[in-house]
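The residues making up each chain are set out below.
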Amino acid sequence: MAVSKSNKKKLSYISVPSQIISSMSSTSLESLLLSPKKKALSSPFSVLRIRLLWRNPRFWLFLILVFGVFGMLKVYFNVDPLIPFGRNPCAISQDKLMVLNGGNDDNGDEKSEFWKQPDGLGYRPCLQFSNDYKRASVDIVKDRTKYLMVVVAGGMNQQRNQIVDAVVIARILGAALVVPILQVNVIWGDESEFADIFDLEHFKKVLENDVRIVSSLPSTHVMTRPLEDKMTHLHATPEFIRSRYSRRIRREGVLLLRSLDSRLSKDLPSDLQKLRCKVAFHALRFAPPILELGNKLTERMRSKGPYVALHLRMEKDVWVRTGCLPGLSHEYDEMINNERKRRPELLTSRSNMTYHERKLAGLCPLNALEVARLLKALGAPKTARIFWAGGNPLGGKEALDPLIREFPHFYNKEDLALPGELEPFQKKASLMAAIDYIVSENSDVFMPSHGGNMGHAIQGHRAYAGHKKTITPNKRQMFSHFMNSSLPGAEFKKIIVGLHRDSLGQPELRSSKTRRDVTKYPVPECMCNKMQPHSSV
């Protein structure tokens, strides 16, 4: 069947501003709307119409308007003149998305001086024990007659310190160490055992040439009533321990010690100091489930670059025990004062000092505003990612607002964990503290707001790992400048930077001050410089 073709003209329509239409004659309008034949273009009438249109000022105004709008589109939407629209015209470019989200977090900040690590002076772990120590080890690990049991108390980091000392005491007495018993924490109600927190088999393996570790008493001693004692003597030396316990443990076979916290001397012979480091930095590895989650959270923090870890001590009991005030409001200050009057035994020391005297003496924890001012003065970029560890602060999240306003990329383990990841560790303060420890120790920069067992342990661990940047707030000298509201910002920053020039985690000799813990200051007993042999432990 033949298909007939229509001879009707097809019309095309264009949109033209009304001002131009009103200025044009009907014939001119018709010439624009109807498609003329090719030969019509050369007619004198068509040329005349085009010239008239070309000279019309309103036509030029229209062209200027069109090009102006196009230019604005190009500036704001990065329109390519050769490609009017992309494949996905509704999509936002990655660069534009970064701008909308507050800038590119991955670049620029990493080049900041704030992330620069201190000069470690070539110090590396170095645990070379003496020949006398090695010879004595042969008989000590073979002995099956003497057993030391210990009960360790306090939070996870206190227990950790006591376990270190327990291994050293067992070595001094030449006894096997029964896996330490962790006393139930009455404050947190945590019933975790040693193997819940630490990798027990790893602990035994690392120390097999130093002290024999057993999970329980053997059948030959299980019915023996242990000789029980509390270590009340401060700064106990190896000589004191041998004179007090050696004959008794040989006679009874089993010695049970309590109250080990900070009882053993900080100044021990070199081999025993090395043993302390070996326990703290090598043997006491966290249990695999804790280590796995801690490393996952570390990777999530580091996925966008370097990060800071803060250990914040802003809990209610911290303000009560230190004799300081949180500075949140008059009501909160009154709450702390009343609690302190009701329970004066909680105040740890120097009860005759006022709050302001304590503050100027550097005895008070930093609050959120002070932490923010210190970080800012030390050059932390506003987009720095911050991981914070610690208990719930007095005043809740509002207590952290001054810090979050300055550094909005602010996370704790609850923020980083996926649904269900923290569930096995909930209601177990020691396990939660261990997760905080891992993420904090792995950070690029670490800063505690106050002293304490966790801050000291992490400081030592980071020093042993190569002197990673650890900021120790110089509270005693900086608080007077914090209180000086007339000090210009640039001058304040210069002063604060100067006060912390030597407090950024550089190597510091333990022997420069008496009674320093080697697990906090591992140089020189546990670390050698580049001219000395390194450890293979």
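Residues numbered from 1 in each chain as written. Predicted model: local features only at pLDDT ≥ 70, side-chain atom pairs only at ≥ 80, totals over all residues. Heavy atoms only, no water.

With that out of the way, let us pick up the packing of aromatic side chains. Under the defined criterion, the tally for this structure stands at 10 aromatic pairs. Consider the rings of Phe-114 and Trp-115, whose centres lie 5.1 Å apart with planes at 75°: the pair is edge-to-face. Residue Phe-114 shares its accessibility class with Trp-115, and that shared class is buried. On the basis of an interplanar angle of 70° and a centroid distance of 5.6 Å, the ring pair of Phe-286 and Tyr-437 is categorised as edge-to-face. Placement of Phe-286 in the loop between α11 (270–283) and α12 (288–302) and of Tyr-437 in helix α19 (residues 429–441) is noted, with a sequence separation of 151 residues between them. Of the two residues examined, Phe-286 and Tyr-437, each falls in the buried class. (Phe/Tyr/Trp six-rings, centres within 6.5 Å; stacked < 30°, edge-to-face > 60°. Buried < 20%, exposed > 50% of the residue type's maximum accessible area, 1.4 Å probe, protein only. Helix = DSSP H or I, 4+ residues; strand = E, 2+ residues; numbered from the N terminus.)

On to helix α20 (residues 453–464), then. Given 3.6 residues per helical turn, the α-helix brings residues three or four places apart onto the same face. Over its 12 residues, α20 runs 17 Å from end to end, which matches the ideal 16 Å to within 8%, given 1.5 Å per residue. With 10 of its 12 residues buried, α20 lies for the most part within the structure. (Expected span 1.5 Å × (residues − 1).)

Further remarks concern the sheet that holds strand β11 (residues 445–448). The sheet built from four strands is open, its strands ordered β10-β9-β8-β11 with parallel pairing. The two strands at the open ends of the sheet, each matched to only one other strand, are β10 (410–411) and β11. As judged from the two bridges shared by strand β9 (residues 385–389) and β10, these two strands associate in the parallel manner. Its bridge partner being in β10, Phe-387 is matched across the sheet by Tyr-411. Across the sheet, α19 lies against β8 (307–311), β9 and β11, angled at about 150° from β9, the strand it touches most. (Pairing = 2+ DSSP bridges. Contact = heavy atoms within 4.5 Å. Axes fitted to C-alpha atoms, helices over the stretch in contact; angles between N-to-C directions.)

Our next topic: empty space enclosed by the protein. Space left empty within the atom packing is revealed by a probe, the size of a water molecule, rolled over the atoms. A complete count under the given rule lists two cavities of 30 Å³ or more for this structure. There is about 40 Å³ of room inside the largest cavity. Together, Gly-154, Gln-159, Leu-182, Gln-183, Asn-185, Asp-190, Ser-192, Ile-197 and Ser-430 line the largest cavity. By residue class, the composition of the lining of the largest cavity is two nonpolar, six polar and one charged. Of the voids in this model, the second largest cavity is the one considered here, and its volume is about 30 Å³. Taken together, Arg-160, Asn-161, Val-164, Ala-280, Ala-457 and Thr-519 make up the full set of residues lining the second largest cavity. Here the lining of the second largest cavity takes three residues from helix α7 (residues 156–173), the largest share from any one element. For the lining of the second largest cavity, a count of residues per class yields three nonpolar, two polar and one charged. (1 Å grid on protein atoms, 1.4 Å probe; cavity = no way out; pocket = protein on both sides within 12 Å on 5 of 7 lines; lining within 4 Å. Points joined across faces, edges and corners; volume = space filled by probe spheres on them. Nonpolar A, V, L, I, M, F, W, Y, C, P; charged D, E, K, R; others polar.)

Consecutive residues of a regular strand have side chains that alternate between opposite faces of the sheet. Only one face of strand β6 (residues 227–230) is covered, namely the one carrying Leu-227 and Asp-229; the face carrying Glu-228 and Lys-230 has none of its residues buried. Pairing between β6 and strand β7 (residues 254–258): four bridges, direction parallel. In the sheet register, Asp-229 faces β7, and the bridge partner there is Leu-257. Taking the sense of rotation as the criterion, the β-α-β connection linking β6, helix α10 (residues 238–252) and β7 turns out right-handed. (Right-handed = clockwise from strand over helix to strand, strands pointing away.)

Now for the environment of Arg-251. Relative to the assigned elements, Arg-251 resides in helix α10. Judged by relative accessible area, which is 56%, Arg-251 ranks as exposed.

Let us look at the pattern of salt bridges. Applying the stated criterion across every chain yields a total of 23 salt bridges. Across the pair Arg-285 and Asp-199 runs a salt bridge, and its minimum N-O distance is 3.1 Å. Linking Arg-285 in the loop between α11 and α12 with Asp-199 in the loop between α8 (194–197) and α9 (200–206), this pair joins segments that are 86 residues apart in sequence. A relative accessible area of 13% means that Asp-199 is categorised as buried. As a salt-bridge pair, Asp-267 and Arg-510 come within 2.8 Å of each other at their nearest N and O atoms. Residue Asp-267 is found in the loop between β7 and α11, and its partner Arg-510 is found in the loop between α22 (489–499) and β12 (527–528); the two are separated by 243 residues along the sequence. When its relative accessible area of 38% is taken as the criterion, Asp-267 is described as partly exposed. Through salt bridges with shared partners, a single network forms among Asp-267, Arg-510 and Glu-525. (Salt bridge = Lys/Arg side-chain N within 4 Å of Asp/Glu carboxyl O.)

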